[in-house]
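Summary of structural features
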Amino acid sequence: MPFTLEIITPGRVVLHDDQTDFIQVRGKEGELGVLPGHTPLFTALADDLMIVRSHGDREDIVTVMGGFMDVRPDRVTILSPAAELAAEIDEVRARQAAERAQLEIDRQRTAEAEGALERALVRLRAVESVGREAIRPSRVHGAEQIPPDIRGK
Ligand code: ATP
């Protein structure tokens, strides 16, 4: 029996699907795969890509920028400050955000700039992953992931 997945941000319901077969997310305490009938749990999420398998053979990539996940046997609810389906991501905006954040970090390393860079890099990875067959969320985050064309000088 598939389960219901809901991904909610302050602005909208990003995803609501009652035919979800599997999700993989990165929790603050590590990577987590959820199948139907999972033991109830409540966990904080990291900024990362999330894999959603549904309707038997569908696979989607969703970016989730932190927040919380409530897992029950028949339902998973994610409440996040920002989340996007990969296809919704504006690549140019993400590149500009990464560039801005990197310049800021070069000037002065702040948690805010590091967070902005991390979000932009997650979005760029999601854009890249569209159309690929196998996607593995990376555990590595940092400036080394910036594509060479936007790396700070
Ligand atoms: P930016 O500096 O481009 O606004 P940000 O990381 O500061 O990026 P967030 O605070 O994470 O942006 O998100 C603000 C809102 O904008 C959220 O609704 C988020 O889904 C959306 N958003 C941010 N970046 C993008 C993008 N590249 N494509 C589509 N939506 C985006």
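Just above sits the structure.
What you see is a predicted model, and the numbers here were worked out from it, not measured in a lab.

1. Brief notes about the site of the ligand
The local shell around the ligand consists of Ala82, Ala83, Glu84, Glu88, Ile89, Asp90, Arg93, Ala94, Ala97, Arg100, Arg119 and Arg123. In this structure, arginine 100 approaches the ligand through a side-chain N or O atom, which is 2.8 Å from an oxygen atom. Across the complex, the protein chains shield 65% of the 580 Å² of accessible surface that the ligand would expose by itself. The greatest single-element share of the shell around the ligand, amounting to four residues, is contributed by helix α1 (residues 91–107). Here the residues of the shell around the ligand are counted per class, giving five nonpolar, no polar and seven charged.

2. Notes on the packing of aromatic side chains
For the structure shown, the criterion picks out one aromatic pair. With a centroid separation of 5.8 Å and 15° between ring planes, the pair formed by phenylalanine 42 and phenylalanine 68 is classed as stacked. A residue pair is termed long-range when its members are at least 10 positions apart, and phenylalanine 42 in strand β4 (residues 41–44) and phenylalanine 68 in strand β7 (residues 68–72) qualify at 26 residues.

3. Digging into the pattern of salt bridges
Inspection of the entire model under this criterion finds 11 salt bridges. Close ionic contact of glutamate 59 with arginine 53 constitutes a salt bridge, the shortest N to O distance being 2.6 Å. Taking relative accessible area as the criterion, glutamate 59 reaches 30% and is therefore assigned partly exposed. The exposure class assigned to arginine 53 is partly exposed, which follows from its relative accessible area of 34%. Note that glutamate 91 and arginine 95 form a salt bridge whose closest N and O atoms lie 3.3 Å from each other. Pair noted here: glutamate 91 and arginine 95 are both in helix α1, with a separation of four residues, about one helical turn. For arginine 95, a relative accessible area of 23% corresponds to the partly exposed category.

Rules and cut-offs
- Residues numbered from 1 in each chain as written.
- Predicted model: local features only at pLDDT ≥ 70, side-chain atom pairs only at ≥ 80, totals over all residues.
- Heavy atoms only, no water.
- Near = heavy atom within 4 Å.
- Polar contact = N/O pair within 3.5 Å; in protein donor to acceptor, adjacent residues only side chain to side chain.
- Areas by Shrake-Rupley, 256 points an atom, 1.4 Å probe, with all protein chains shown as cover.
- Helix = DSSP H or I, 4+ residues; strand = E, 2+ residues; numbered from the N terminus.
- Nonpolar A, V, L, I, M, F, W, Y, C, P; charged D, E, K, R; others polar.
- Phe/Tyr/Trp six-rings, centres within 6.5 Å; stacked < 30°, edge-to-face > 60°.
- Salt bridge = Lys/Arg side-chain N within 4 Å of Asp/Glu carboxyl O.
- Buried < 20%, exposed > 50% of the residue type's maximum accessible area, 1.4 Å probe, protein only.

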